[in-house]
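Architecture and fold: a report
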Amino acid sequence: MQTLLKDIRDCEICKAHLPLGPRPVVTAHPEAKIAIIGQAPGRKVHETGIPWDDPSGKQLRNWLNVTPEVFYDPKQIALIPMGFCYPGKGRSGDLPPRQECAPQWHSALLPLLPNLQLTLLVGMYAQRYYLKAKAASTLTETVKNYKEYLPHYLPLPHPSPRNRFWLSKNPWFNETVLPELKRRIREIIQH
(Lines give C-alpha, C1' and ligand atoms only; values in the text may rest on other atoms or scores of the structure.)
Protein backbone atom coordinates (compact mmCIF):
# COMPACT_ATOMS: atom_id res chain seq x y z
CA MET A 1 0.00 0.00 0.00
CA GLN A 2 2.70 2.52 0.94
CA THR A 3 4.59 1.86 -2.30
CA LEU A 4 1.43 2.38 -4.35
CA LEU A 5 0.52 5.58 -2.49
CA LYS A 6 4.03 6.89 -3.13
CA ASP A 7 3.70 6.01 -6.82
CA ILE A 8 0.36 7.85 -6.99
CA ARG A 9 1.78 10.90 -5.22
CA ASP A 10 4.74 10.91 -7.62
CA CYS A 11 2.52 10.58 -10.70
CA GLU A 12 2.98 13.06 -13.55
CA ILE A 13 0.91 11.26 -16.20
CA CYS A 14 -1.10 14.38 -17.12
CA LYS A 15 1.43 17.02 -16.07
CA ALA A 16 1.15 18.88 -19.39
CA HIS A 17 -2.57 19.50 -18.76
CA LEU A 18 -2.37 20.79 -15.19
CA PRO A 19 -2.17 24.59 -14.80
CA LEU A 20 -0.58 24.38 -11.33
CA GLY A 21 1.41 21.22 -12.01
CA PRO A 22 0.91 17.80 -10.43
CA ARG A 23 0.19 17.37 -6.74
CA PRO A 24 -1.77 14.12 -6.37
CA VAL A 25 -3.90 14.03 -3.23
CA VAL A 26 -5.04 10.69 -1.76
CA THR A 27 -5.25 8.94 1.61
CA ALA A 28 -5.85 5.23 2.16
CA HIS A 29 -4.98 2.40 4.52
CA PRO A 30 -5.65 -1.36 4.24
CA GLU A 31 -7.91 -1.17 7.32
CA ALA A 32 -10.22 1.51 5.85
CA LYS A 33 -13.90 0.60 6.13
CA ILE A 34 -15.30 3.42 4.00
CA ALA A 35 -14.06 4.85 0.72
CA ILE A 36 -15.08 8.27 -0.50
CA ILE A 37 -14.54 8.60 -4.22
CA GLY A 38 -14.90 12.24 -5.17
CA GLN A 39 -14.11 14.34 -8.21
CA ALA A 40 -10.73 16.11 -8.04
CA PRO A 41 -8.98 18.40 -5.59
CA GLY A 42 -9.89 22.07 -5.78
CA ARG A 43 -7.34 24.84 -5.74
CA LYS A 44 -7.27 25.10 -1.93
CA VAL A 45 -6.73 21.35 -1.58
CA HIS A 46 -3.97 21.58 -4.18
CA GLU A 47 -2.28 24.21 -2.01
CA THR A 48 -2.62 22.34 1.31
CA GLY A 49 -2.36 18.77 0.06
CA ILE A 50 -5.17 17.82 2.47
CA PRO A 51 -8.16 16.10 0.83
CA TRP A 52 -11.52 17.84 1.22
CA ASP A 53 -9.84 20.77 3.04
CA ASP A 54 -12.41 23.27 1.80
CA PRO A 55 -16.09 24.24 2.23
CA SER A 56 -17.15 21.12 0.28
CA GLY A 57 -15.26 18.94 2.76
CA LYS A 58 -16.88 20.68 5.72
CA GLN A 59 -20.30 20.05 4.20
CA LEU A 60 -19.42 16.41 3.46
CA ARG A 61 -18.30 15.86 7.07
CA ASN A 62 -21.63 17.35 8.20
CA TRP A 63 -23.52 14.99 5.90
CA LEU A 64 -21.59 12.04 7.34
CA ASN A 65 -21.88 13.37 10.90
CA VAL A 66 -18.21 12.65 11.58
CA THR A 67 -15.49 14.71 13.22
CA PRO A 68 -12.41 15.79 11.25
CA GLU A 69 -10.43 13.28 13.34
CA VAL A 70 -12.57 10.38 12.08
CA PHE A 71 -12.79 11.75 8.54
CA TYR A 72 -9.01 12.09 8.23
CA ASP A 73 -8.19 8.75 9.87
CA PRO A 74 -7.13 6.60 6.88
CA LYS A 75 -7.81 3.46 8.95
CA GLN A 76 -11.46 4.53 8.93
CA ILE A 77 -11.95 6.39 5.64
CA ALA A 78 -10.00 6.26 2.38
CA LEU A 79 -10.22 9.51 0.39
CA ILE A 80 -9.78 8.73 -3.29
CA PRO A 81 -10.57 11.22 -6.06
CA MET A 82 -11.39 10.38 -9.66
CA GLY A 83 -8.64 12.79 -10.65
CA PHE A 84 -5.81 13.09 -8.12
CA CYS A 85 -4.66 16.59 -9.11
CA TYR A 86 -6.31 19.99 -9.42
CA PRO A 87 -7.51 20.11 -13.05
CA GLY A 88 -7.80 23.89 -13.36
CA LYS A 89 -10.63 26.37 -13.58
CA GLY A 90 -13.46 26.22 -16.10
CA ARG A 91 -16.33 28.59 -16.92
CA SER A 92 -18.62 27.42 -14.14
CA GLY A 93 -16.19 26.01 -11.59
CA ASP A 94 -13.31 23.59 -11.69
CA LEU A 95 -12.69 21.52 -14.80
CA PRO A 96 -13.68 17.83 -14.74
CA PRO A 97 -11.22 15.34 -13.23
CA ARG A 98 -8.50 14.24 -15.63
CA GLN A 99 -9.56 11.00 -17.30
CA GLU A 100 -6.14 9.35 -16.97
CA CYS A 101 -6.18 8.97 -13.18
CA ALA A 102 -8.95 6.53 -12.30
CA PRO A 103 -8.02 3.92 -14.95
CA GLN A 104 -4.35 4.24 -14.01
CA TRP A 105 -4.68 3.95 -10.22
CA HIS A 106 -8.10 2.84 -8.94
CA SER A 107 -7.81 -0.78 -10.09
CA ALA A 108 -4.50 -1.08 -8.24
CA LEU A 109 -5.62 0.76 -5.09
CA LEU A 110 -9.09 -0.64 -4.37
CA PRO A 111 -8.01 -4.32 -4.08
CA LEU A 112 -5.67 -3.18 -1.29
CA LEU A 113 -8.72 -2.07 0.72
CA PRO A 114 -10.21 -5.48 1.68
CA ASN A 115 -12.20 -4.14 4.65
CA LEU A 116 -14.38 -1.68 2.72
CA GLN A 117 -18.01 -1.88 3.76
CA LEU A 118 -19.27 1.18 1.87
CA THR A 119 -18.07 3.33 -1.01
CA LEU A 120 -19.54 6.80 -1.36
CA LEU A 121 -19.66 7.97 -4.97
CA VAL A 122 -19.59 11.73 -4.73
CA GLY A 123 -20.67 13.42 -7.93
CA MET A 124 -21.48 12.39 -11.45
CA TYR A 125 -17.96 11.37 -12.53
CA ALA A 126 -17.55 8.76 -9.79
CA GLN A 127 -21.10 7.51 -10.30
CA ARG A 128 -20.73 7.04 -14.04
CA TYR A 129 -17.33 5.36 -13.68
CA TYR A 130 -18.39 2.87 -11.01
CA LEU A 131 -22.08 2.32 -11.70
CA LYS A 132 -21.66 2.30 -15.48
CA ALA A 133 -24.95 1.35 -17.19
CA LYS A 134 -26.66 0.99 -13.79
CA ALA A 135 -26.40 4.76 -13.21
CA ALA A 136 -29.55 6.68 -14.03
CA SER A 137 -29.49 9.26 -16.81
CA THR A 138 -29.05 12.11 -14.31
CA LEU A 139 -27.23 12.56 -11.03
CA THR A 140 -30.55 13.45 -9.39
CA GLU A 141 -32.14 10.15 -10.43
CA THR A 142 -29.06 8.16 -9.45
CA VAL A 143 -29.00 9.72 -5.97
CA LYS A 144 -32.78 9.37 -5.61
CA ASN A 145 -32.48 5.65 -6.38
CA TYR A 146 -29.56 5.15 -3.98
CA LYS A 147 -31.09 1.98 -2.48
CA GLU A 148 -30.50 0.17 -5.78
CA TYR A 149 -26.72 0.48 -5.28
CA LEU A 150 -26.53 -0.54 -1.64
CA PRO A 151 -24.92 -2.13 0.26
CA HIS A 152 -21.67 -1.52 -1.63
CA TYR A 153 -22.21 1.95 -3.14
CA LEU A 154 -24.07 5.04 -2.01
CA PRO A 155 -24.21 7.85 -4.59
CA LEU A 156 -24.21 11.46 -3.40
CA PRO A 157 -24.31 14.87 -5.04
CA HIS A 158 -21.18 16.95 -4.70
CA PRO A 159 -21.31 18.87 -1.39
CA SER A 160 -20.05 22.08 -3.02
CA PRO A 161 -21.63 25.36 -1.93
CA ARG A 162 -22.45 25.76 -5.66
CA ASN A 163 -25.02 22.95 -5.19
CA ARG A 164 -27.21 24.90 -2.77
CA PHE A 165 -29.82 25.29 -5.52
CA TRP A 166 -29.85 21.51 -6.16
CA LEU A 167 -30.27 20.84 -2.45
CA SER A 168 -33.14 23.32 -2.12
CA LYS A 169 -34.82 21.86 -5.22
CA ASN A 170 -34.49 18.27 -3.91
CA PRO A 171 -35.61 18.29 -0.24
CA TRP A 172 -35.97 14.47 -0.35
CA PHE A 173 -32.15 14.29 -0.17
CA ASN A 174 -32.13 15.77 3.36
CA GLU A 175 -35.23 13.82 4.36
CA THR A 176 -34.34 10.32 3.14
CA VAL A 177 -30.77 9.98 1.88
CA LEU A 178 -28.90 11.83 4.62
CA PRO A 179 -30.50 9.92 7.52
CA GLU A 180 -29.66 6.62 5.79
CA LEU A 181 -26.12 7.82 5.07
CA LYS A 182 -25.55 8.92 8.67
CA ARG A 183 -26.95 5.65 10.03
CA ARG A 184 -24.70 3.53 7.83
CA ILE A 185 -21.59 5.62 8.59
CA ARG A 186 -22.29 5.46 12.33
CA GLU A 187 -22.73 1.68 12.26
CA ILE A 188 -19.57 1.12 10.23
CA ILE A 189 -17.41 3.47 12.32
CA GLN A 190 -18.67 2.11 15.65
CA HIS A 191 -18.06 -1.51 14.68
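Since the structure is predicted, the reported quantities are computational estimates derived from the model, not experimental observations.

With that settled, consider empty space enclosed by the protein. With the rule as written, the count across this model stands at 1 cavity of 30 Å³ or more. As for the largest cavity, its lining consists of 13 residues, and the residues nearest its centre are C11, I13, C14, P24 and C85. Across the lining of the largest cavity, the residue classes break down as 11 nonpolar, no polar and 2 charged.

What the largest pocket holds in volume is close to 920 Å³. Along the wall of the largest pocket there are 39 residues; nearest its centre are Q39, S56, D94, H158 and S160. Listed by contribution, the elements that provide at least two residues to the lining of the largest pocket are β1 (34-38), α2 (43-48), α3 (55-64), β2 (77-81), β4 (93-94) and α6 (124-131). In terms of residue class, the lining of the largest pocket is built from 23 nonpolar, 10 polar and 6 charged. Reported here for the second largest pocket is a volume of approximately 220 Å³. Taken together, H17, M82, P87, L95, P96, P97, R98, Q99, A102, P103, Y125 and Y129 form the lining of the second largest pocket.

We now examine the packing of aromatic side chains. What the rule picks out here adds up to 7 aromatic pairs. Considering the side-chain rings of Y129 and Y130, the 5.0 Å spacing of their centres and the 70° angle between planes classify their relative orientation as edge-to-face. Since its relative accessible area comes to 16%, Y130 is described here as buried. Note on W166 and F173: the rings are 5.7 Å apart at their centroids and 70° apart in plane angle, and the pair reads as edge-to-face. In this arrangement the basic side chain of R61 is found over the ring face of F71, its NZ or CZ atom lying 5.2 Å from the centre.

So, about the sheet that holds strand β6 (residues 153-156). As a general point, the strands of a sheet are linked pairwise by backbone hydrogen bonds and lie either parallel or antiparallel. If you trace the 4 strands from one edge of the open sheet to the other, you get β2-β1-β5-β6, paired in parallel fashion. The open sheet has two edge strands with one neighbour each: β2 and β6. When the angles between neighbouring strand axes are averaged without regard to direction, this sheet yields 20°. The pairing of β1 with strand β5 (residues 118-122) spans 4 bridges and is parallel.

Parameters at a glance
Residues numbered from 1 in each chain as written. Predicted model: local features only at pLDDT ≥ 70, side-chain atom pairs only at ≥ 80, totals over all residues. Heavy atoms only, no water. 1 Å grid on protein atoms, 1.4 Å probe; cavity = no way out; pocket = protein on both sides within 12 Å on 5 of 7 lines; lining within 4 Å. Points joined across faces, edges and corners; volume = space filled by probe spheres on them. Nonpolar A, V, L, I, M, F, W, Y, C, P; charged D, E, K, R; others polar. Helix = DSSP H or I, 4+ residues; strand = E, 2+ residues; numbered from the N terminus. Phe/Tyr/Trp six-rings, centres within 6.5 Å; stacked < 30°, edge-to-face > 60°. Buried < 20%, exposed > 50% of the residue type's maximum accessible area, 1.4 Å probe, protein only. Lys NZ or Arg CZ within 6 Å of the ring centre and 35° of its normal. Pairing = 2+ DSSP bridges. Axes fitted to C-alpha atoms, helices over the stretch in contact; angles between N-to-C directions.

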